[in-house]
Amino acid sequence: MSAVVTRYRADVAEPGEHLALLRWQMDNNHRLDLRDTFPGHITTSALVISPAKDKILLIDHVTIGRWLQPGGHYEPSDSFWASALREAVEETGVIGAVLHPWHKGDLPLVIDSHDVPGKPARNEPPHVHHDLQYVFVASADQPLTAQLDEVHAAQWQDFSALAAISTRAAKRILAL
């Protein structure tokens, strides 16, 4: 994890993108791969775009109640991007998504540390998700199958919808 964050900060991060909490947790040997690590832990998400960059695959998230990119808590994988792809396939049924060649390995396009509400039913306090975001390319002509226990719907939307979710991700994808 440390190598990914170091490379991200050197090669991708903009001024002011310090990732201070994430780095503090790493310096203090927090198990960021466990969802019960607080104040934050790792999630991965997939920014699945059409080849023409005119469509983005989004989910209507059950818990959060808004359209987002597919993703979830990190589960052990060969890479962080493989975890993100697994989430996209599980939540949407997308077929044939391929990691964008920009990544050159496990470098995320965006690392977004954001607050999430806790879940009292799980004795989970409000906390932070350190979300590693990866870009995948897939045909928007295929049918999708939403995983209805986690998402209300999965849908290809106009790429401009991403700006309301993450202006940083939208800007970086357009520059690819």
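Each value, and the rule that gives it
- Residues numbered from 1 in each chain as written.
- Predicted model: local features only at pLDDT ≥ 70, side-chain atom pairs only at ≥ 80, totals over all residues.
- Heavy atoms only, no water.
- Phe/Tyr/Trp six-rings, centres within 6.5 Å; stacked < 30°, edge-to-face > 60°.
- Buried < 20%, exposed > 50% of the residue type's maximum accessible area, 1.4 Å probe, protein only.
- Helix = DSSP H or I, 4+ residues; strand = E, 2+ residues; numbered from the N terminus.
- Axes fitted to C-alpha atoms, helices over the stretch in contact; angles between N-to-C directions.
- Left-handed = near helix turned anticlockwise from the far one by under 90°.
- Contact = heavy atoms within 4.5 Å.
- Nonpolar A, V, L, I, M, F, W, Y, C, P; charged D, E, K, R; others polar.
- Expected span 1.5 Å × (residues − 1).
- Core = buried A, V, L, I, M, F, W, Y, C linked by side-chain atoms within 4.5 Å.
- Salt bridge = Lys/Arg side-chain N within 4 Å of Asp/Glu carboxyl O.

S.K.: Would you mind showing me how to read the packing of aromatic side chains here?
M.R.: Any aromatic ring pair is given by two values, namely how distant the centres are and how the planes are angled relative to each other. A complete count under the given rule lists 2 aromatic pairs for this structure. Centre to centre, the rings of Tyr74 and Phe80 are 5.1 Å apart; their planes meet at 50 degrees, and the pair counts as tilted. Like Phe80, Tyr74 is buried. An angle of 50 degrees between the planes, with centres 6.4 Å apart, marks the rings of Trp81 and Phe136 as tilted. Of this pair, Trp81 sits in helix H3 (residues 80–92) while Phe136 sits in strand E7 (residues 127–137), and the two are 55 residues apart along the sequence.

S.K.: Got a minute to help me understand the packing of helix H1 (residues 2–11) against helix H2 (residues 20–27) in this structure?
M.R.: The description of two helices packed together rests on the angle between their axes and the distance between the axes. At a closest axis distance of 11 Å, the pairing of H1 and H2 adopts a crossing angle of 145 degrees. Once H1 is placed against H2, the crossing between them reads as left-handed. Each of Ser2, Val5 and Arg9 in H1 lies in contact with H2, whose residues at this interface are Leu22, Arg23 and Met26. Its residues placed into classes, the contact of H1 with H2 shows 3 nonpolar, 1 polar and 2 charged.

S.K.: I tried to follow H3 on my own but got confused; where do I start?
M.R.: The α-helix winds at 3.6 residues per turn, so residues separated by three or four positions along the chain end up facing the same way. Here H3 contains 13 residues, and its C-alpha end-to-end distance of 19 Å stays within 8% of the 18 Å for a straight helix at 1.5 Å per residue. For H3, the full list of buried residues reads Phe80, Ser83, Ala84, Leu85, Glu87, Ala88, Glu91 and Thr92. Against the buried residues of H3 lie H1, strand E1 (40–49), strand E2 (55–61), strand E4 (71–73), E7 and strand E8 (151–158). Trailing H3 by a residue or two, Gly93 shows a phi angle of about 75 degrees, which is positive.

S.K.: Got a minute to help me understand unusual backbone geometry in this structure?
M.R.: Glycine aside, residues mostly have negative phi, and peptide bonds are mostly found in the trans state. Between Phe38 and Pro39 the backbone carries a cis peptide bond, its omega angle lying at 20 degrees. Here Pro39 shows up in the loop between H2 and E1. A positive phi is found at Asn29, a non-glycine position, where the angle reads about 60 degrees. The residue Asn29 is located in the loop between H2 and E1 in this model. In this structure, Lys104 takes a positive phi of about 45 degrees despite not being glycine. Assignment of secondary structure puts Lys104 in the loop between strand E5 (98–99) and strand E6 (110–116). Look at Lys104 and you get exposed, because its relative accessible area is 65%.

S.K.: For this particular structure, what's the right way to read the nonpolar core?
M.R.: One recurring pattern in soluble globular proteins: nonpolar side chains tend to sit buried together. Counting 38 residues, the largest nonpolar core has Leu22, Leu47, Val48, Val94, Phe136, Leu162 and Ile173 as its most contacted members. For this core, the secondary-structure elements that each account for two or more residues are H1, H2, E1, E2, H3, E6, E7 and helix H5 (167–174). Sorting elements by how many residues they give to this core places E1 first, with 5 residues. Ignoring sequence-local partners within four residues, the contact set of Val94 consists of Val48, Leu57, Ala88, Val89, Ala138, Gln142, Leu144 and Trp156.

S.K.: Mind showing me how you'd approach the pattern of salt bridges here?
M.R.: A side chain with one charge may pair with a side chain of the opposite charge, provided their charged atoms come close. In this structure the tally under the stated criterion is 10 salt bridges. The salt bridge partner of Glu14 is Lys171, with a shortest N-O separation of 3.2 Å. Of the two residues, Glu14 sits in the loop between H1 and H2 while Lys171 sits in helix H5, which places them 157 residues apart along the sequence. In this structure, Arg172 and Glu14 form a salt bridge, with 3.3 Å as the shortest nitrogen-oxygen distance. With a gap of 158 residues between them, Arg172 in helix H5 and Glu14 in the loop between H1 and H2 connect regions that are remote in the sequence. On the accessibility criterion, Arg172 (9% relative accessible area) is buried. On the basis of relative accessible area, Glu14 is assigned to the partly exposed category, the value being 25%. Sharing partners across several salt bridges, the network here consists of Glu14, Glu17, Arg168, Lys171 and Arg172.

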